[in-house]
Amino acid sequence: VLLNWTVMILYNYFSAMFVGPGYVPLGWTPENSQDCMYLQYCKVCQSYKAPRSHHCRKCNRCVMKMDHHCPWINNCCGYQNHASFTLFLFLAPLGCIHASFIFIMTMYTQLYNRISFGWSSVKIDMSAAKRDPRTIIPFGLSAFAASLFALGLALGTTIAVGMLFIIQMKVILTNKTSIESWIEEKAKDRIQYYQTGETFIFPYDTGSKWKNFKQVFTWSGIPEGDGLDWPVRDGCHQYSLTIEQLKQKADKRIRSVRYRAIEDYSGVCCPVTKGVKTFFTTPCTEEPRIALSKGDLILATRGLKHWMYGEKILDSAADGGIRERGWFPRKCVEKCQYDSETDQPVDGEKKNR
């Protein structure tokens, strides 16, 4: 049975790794040229981003139905390998639970055979079994320590990977990805901030958990659709989500604040020279850091107490359209003093826009 777990786990693991998520074809454009107005354009792939696709900085491609980039498989989790990745997350805890049961029963049996119950004390002799001397595998102190260590690994894997499986199943049963769940939350925040009175309805949720499940898990192992066109619920159309993304992108430009670098920053994850608080409060995320030189201009879109996230303002002609975005220490920058032509709108103006 353990061998069976191992084969199934490794099969789904390598399937998720080598099959890949599926990429939007380079230079892709929608069949109807008028639909381009509803889509974002990727300068790296020289194509429009299909609905539900996102550009992965590490894969350097636009990924169809991208959920996240997973360092475990060194690939993205997306349209083609979402089922294999989720099955890997499901089978790994089951195999570890089985192994944990074997470790616990082994240690219990061996310790029970080595315990001497006296009138005043209980003694454990790890040199040999007192009640059953015919042991198949010698079980001494080193074997006990190794079993205890393996039990800890098995239980830790069960908890950690099991939580990831639960998260993946929640988004699959609502026909979403982790990125799309985040987009939906930002849509609610945007509507509440501007008080537009509109209602955002996620277009790809069929309303049936079973139908959502079958879009990812099929008997053939090949997910439904082609990864570019998706069935939508009543009242929505193919570009409902991409239109919301364009609104959020425009909103981000409105809310962004311009900063100027007053100190150099090398782009390291945990800078030692920028203070103790900056060192210990580094963002726990895979998002990159950007190096800063004194005088650089940055458009900050979000931030923490000691860190900020933004995009460096570059010369578009010199950088070839490449964008530099990432985190940087807050103490390395200062807010720019705007003149009358570049003043940022106040809160009332933002809401009107």
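It should be emphasised that the depicted structure is a prediction, and the values quoted were computed from it without experimental measurement.

Rules used in this analysis
- Residues numbered from 1 in each chain as written.
- Predicted model: local features only at pLDDT ≥ 70, side-chain atom pairs only at ≥ 80, totals over all residues.
- Heavy atoms only, no water.
- UniProt positions renumbered as here; feature names shortened; annotations may be inferred.
- Helix = DSSP H or I, 4+ residues; strand = E, 2+ residues; numbered from the N terminus.
- Expected span 1.5 Å × (residues − 1).
- Buried < 20%, exposed > 50% of the residue type's maximum accessible area, 1.4 Å probe, protein only.
- pLDDT = per-residue confidence, 0-100.
- Contact = heavy atoms within 4.5 Å.
- Salt bridge = Lys/Arg side-chain N within 4 Å of Asp/Glu carboxyl O.

J.: Whenever I open this one, the UniProt feature "transmembrane region" (unreviewed entry) in the protein chain confuses me. Can you help?
T.: Here the UniProt-annotated "transmembrane region" (unreviewed entry) positions come out as residues 87–108 and 136–167. Structurally, residues 87–108 comprises 100% helix and 0% strand, and the distance from its first C-alpha atom to its last is 32 Å.

J.: Where do I start with helix α6 (residues 240–255) in this structure?
T.: Along an α-helix, residues three or four positions apart point the same way, because every turn accommodates 3.6 residues. With 16 residues, α6 should cover 22 Å at 1.5 Å per step; its first-to-last C-alpha distance of 23 Å lies within 8% of that length. Every buried residue belonging to α6 is among S240, L241, T242, E244, Q245, Q248, D251 and I254, and all of these are buried.

J.: Looking at this model, I keep getting lost on helix α4 (residues 178–194). Mind explaining?
T.: The end-to-end C-alpha separation of α4 is 25 Å, in line with the 24 Å expected for 17 residues at 1.5 Å each. Of the residues trailing α4, Q195 is marked for its positive phi of about 50 degrees.

J.: Teacher, can you tell me more about the confidence of the model for the protein chain here?
T.: Low-pLDDT portions of the prediction should not be read for the details of their coordinates. The predicted model of the protein chain has a mean per-residue pLDDT of 84, with 86% of residues at 70 or higher. Every residue in residues 339–353 is under pLDDT 50, and counting partners more than four places away or in other chains gives 16 contacts.

J.: For this particular structure, what's the right way to read the pattern of salt bridges?
T.: Side chains bearing opposite charge may pair, as long as their charged atoms lie close to each other. Under the counting rule described, the total for this entry stands at eleven salt bridges. Note that R190 is salt-bridged to E198, the shortest N-O span being 3.2 Å. Take E198: its relative accessible area is 30%, and that puts it in the partly exposed class. The salt bridge involving E244 is made with R190; its shortest N-O contact spans 2.8 Å. Here E244, found in helix α6, pairs with R190, found in helix α4; they are 54 residues apart in sequence, far enough to count as distant. The class of R190 is buried, set by a relative accessible area of 7%. If you follow the salt bridges from partner to partner, you end up with R190, E198, E244 and K247 in one network.

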